[in-house]
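Listed here are the chains, written in short residue letters.
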Amino acid sequence: MSLKHFFFIKLRIVKYKWLSDCHKVIGQARLFHPLLVKGKGCITFGENVQFGVIASPNFYSHYAYMEARTENSQIIIGDNVTLNNGFSAEARDKITIKSKVLIGVNCSIMDHDGHSLAIDQRIEGEPNSAPVLIEENVFIGDNVTILKGVTIGKNAVIGNSAVVTKNIPANVVAAGNPAKVIREI
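Residues numbered from 1 in each chain as written. Predicted model: local features only at pLDDT ≥ 70, side-chain atom pairs only at ≥ 80, totals over all residues. Heavy atoms only, no water.

Within the protein, the regular secondary structure consists of one helix and 20 strands. Its C-alpha radius of gyration of 16 Å places the protein within 12% of the 16 Å reference for a compact globule of 185 residues. Overall, the protein is about 45 × 45 × 25 Å in size when its C-alpha atoms are taken along their principal axes. Here the protein holds 185 residues, and the buried ones make up 44% of them. Partitioning the contacts of the protein with sequence separation of at least 6, the portion at a separation of at least 24 is 36%. Between the mean site of the 20 positive side-chain charges and the mean site of the 16 negative ones, the protein shows a separation of 7 Å. (Helix = DSSP H or I, 4+ residues; strand = E, 2+ residues; numbered from the N terminus. Rg over C-alpha atoms; globule rule 2.2 N^0.38 Å. Buried < 20%, exposed > 50% of the residue type's maximum accessible area, 1.4 Å probe, protein only. Contact = heavy atoms within 4.5 Å. Lys, Arg positive; Asp, Glu negative; His and termini not counted. Charge placed at Lys NZ, Arg CZ, Asp CG, Glu CD.)

In structure tokens:
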């Protein structure tokens, strides 16, 4: 291992493992990029889950973030999933990413609103949440945001910088803000 690899990659990975406080982690991901896992819920990794891609933007400056916020929150990642640099997933309910999914740089998945949307309850109220499901063999481009209650169908492709607010069917390409189907595969 080179000194550059040790100081700029390995030490950062160890640092974020040390900062992580989620104690219900099942399975183990391959880390080429730092991963911070937080929360009281459960995070499950299938076989051959990879975080980070060396030859991609933000490799040396960012980290991946996963939070299963409440005791009942779940994040489940299937087999053979690659999550590029700067990925984040925040669950109050459940986020499921099935097998053979590729996710680009700076993608974010949230199954909740972050804060209550009611004017008088934004600080202390409970945000609305709904499960997110990403089916098998989905390809998600860079800078994509996936919001609560969304299912992305098998084999779908989500274009760069899309904001996915509604379900996307199987075997299509979707892009835009909000994401819309632009063609079938």
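From this point on, the discussion continues.
All right, on to the layout of surface pockets then. Space inside the largest pocket adds up to approximately 410 Å³. In terms of lining, the largest pocket is formed by 21 residues, of which the most central are Ile13, Lys17, Gln28, Ala29 and Leu31. For the lining of the largest pocket, the secondary-structure elements that each account for two or more residues are helix H1 (3-19) and strand S3 (35-39). Here the element with the most residues in the lining of the largest pocket is H1; it accounts for six residues. A per-class count over the lining of the largest pocket returns 13 nonpolar, five polar and three charged. (1 Å grid on protein atoms, 1.4 Å probe; cavity = no way out; pocket = protein on both sides within 12 Å on 5 of 7 lines; lining within 4 Å. Points joined across faces, edges and corners; volume = space filled by probe spheres on them. Nonpolar A, V, L, I, M, F, W, Y, C, P; charged D, E, K, R; others polar.)

Before going further, it helps to examine the sheet that holds strand S15 (residues 145-146). Pairing is parallel across the open sheet formed by six strands, whose spatial order is S3-S6-S9-S12-S15-S18. Looking at strand neighbours, the two that pair on one side only are S3 and strand S18 (163-164), the edges of this open sheet. Relative to S15, strand S12 (residues 108-110) runs parallel, the two sharing two bridges. Looking at S15, one finds that serine 108 is bridged to threonine 145. (Pairing = 2+ DSSP bridges.)

Phe51, Phe87 and Ile97 are the most contacted members of the largest nonpolar core, which totals 40 residues. Every element with two or more residues in this core is listed here: S3, strand S4 (42-45), strand S6 (64-68), strand S7 (74-77), strand S9 (88-91), strand S10 (94-97), strand S13 (132-134) and strand S19 (172-175). A total of three residues in this core trace back to one element, the largest contributor, which is S6. In this view, phenylalanine 87 contacts Phe51, Tyr63, Ala64, Tyr65, Met66, Ile97, Ile103, Cys107 and Ile109; residues no more than four positions away in its chain are not counted. (Core = buried A, V, L, I, M, F, W, Y, C linked by side-chain atoms within 4.5 Å.)

Turning next to the environment of glycine 149. Locating glycine 149 in the fold gives a position in the loop between S15 and strand S16 (151-152). For the pair formed by glycine 149 and asparagine 167, sequence separation is 18 residues and the distance between their alpha carbons is 7.9 Å.

Taken in spatial order, the six strands of this open sheet run S1-S4-S7-S10-S13-S16, and their pairing is parallel. Both edges of this open sheet fall to strand S1 (24-26) and S16, since each of them pairs with a single strand only. In this sheet, S13 lies alongside S10 in parallel orientation, the contact comprising three bridges. Counted as the bridge partner of isoleucine 97 is isoleucine 134 from S13.

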